[in-house]
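What the coordinates show
Spelled out from the first residue to the last, the chains are:
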Amino acid sequence: MKVAVDFTNLSDDEYQNNIEIIRKRYYHCKHRASERYRVKINQDDYFQLVDQIITGEALFLMECDFLDGRFLYEVSFKGRQMLAVYDYDTGTICTFLNDEIFQKLKMRWERK
């Protein structure tokens with residue numbers, strides 16, 4: 001399982017595209033963390049949460065076929081456990097799920 005994205009071999013266009021993806025993911029996660037966990041995260045917090053996943057500090061829960069093959073981790077933030085959806089292709093956390101939303105997505109997938 002790969003753990004980080006290697007940005008060193010990217011063309012300028014690919015690098016700029018990845019930076020844009022990271023920026024969009026950060027803002028989406030910031031919103032979802034506030035909405036679903038009532039916590040405020042800033043850029044430093046976001047990258048610390050990503051680092052928890054990359055370094056193996058976060059608890060790996062499962063690969064989620066129902067989340068386009070992304071991976072679900074439990075990360076710790078200010079004493080709270082949060083469900084983070086991680087994308088190895090971009091090295092980013094895509095979103096945060098609460099348990100209720102996670103269970104709904106999982107049940108919807110299992111019915112297919």
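**Digging into unusual backbone geometry**
- For R38, which is not a glycine, the phi torsion comes out positive at approximately 55°.
- Along the chain, the position of R38 falls in the loop between helix 1 (12-37) and helix 2 (43-54).
- Overall, the relative accessible area of 67% leaves R38 in the exposed class.
- Although it is not a glycine, K78 adopts a positive phi angle of roughly 50°.
- Within the fold, K78 resides in the loop between strand 2 (70-77) and strand 3 (80-87).

**Some remarks on the sheet that holds strand 4 (residues 92-97)**
- Strand order in this open sheet of four strands is 1-2-3-4, and the pairing throughout is antiparallel. Since the sheet does not close on itself, it has two edges, and those belong to strand 1 (59-64) and strand 4, each with one partner. Taking each pair of neighbouring strands and ignoring which way they run, the sheet shows an average axis angle of 35°.
- For strand 2 and strand 3, the ladder comprises seven bridges, and the chain directions are antiparallel. Residue pairing across strands places S76 opposite Q81, the latter belonging to strand 3.

**Remarks on the confidence of the model for the chain**
- Confidence along the chain averages 84 in pLDDT terms, with 86% of residues attaining 70 or more.
- Strand 3 holds the highest mean pLDDT among the elements of the chain, 94, whereas helix 3 (residues 99-111) holds the lowest, 78.

**Thoughts on the environment of D99**
- Among the structural elements, D99 can be located in helix 3.
- Sequence spacing of D99 and L83 is 16 residues, and the spatial spacing of their C-alpha atoms is 7.6 Å.

**Focus: the pattern of salt bridges**
- Applying the stated rule across the entire model yields six salt bridges.
- Ionic pairing is found between E20 and R23, a salt bridge with its closest N-O pair at 2.6 Å. Highlighted residues: E20 and R23, both in helix 1, separated by three residues, approximately one helical turn.
- Ionic pairing is found between D87 and R25, a salt bridge with its closest N-O pair at 3.4 Å. Within this pair, whereas D87 is found in strand 3, its partner R25 is found in helix 1, the two being separated by 62 residues in sequence.
- One salt-bridge network, in which partners are shared between bridges, spans R25, R70 and D87.

Rules behind the numbers
Residues numbered from 1 in each chain as written. Predicted model: local features only at pLDDT ≥ 70, side-chain atom pairs only at ≥ 80, totals over all residues. Heavy atoms only, no water. Helix = DSSP H or I, 4+ residues; strand = E, 2+ residues; numbered from the N terminus. Buried < 20%, exposed > 50% of the residue type's maximum accessible area, 1.4 Å probe, protein only. Pairing = 2+ DSSP bridges. Axes fitted to C-alpha atoms, helices over the stretch in contact; angles between N-to-C directions. pLDDT = per-residue confidence, 0-100. Salt bridge = Lys/Arg side-chain N within 4 Å of Asp/Glu carboxyl O.

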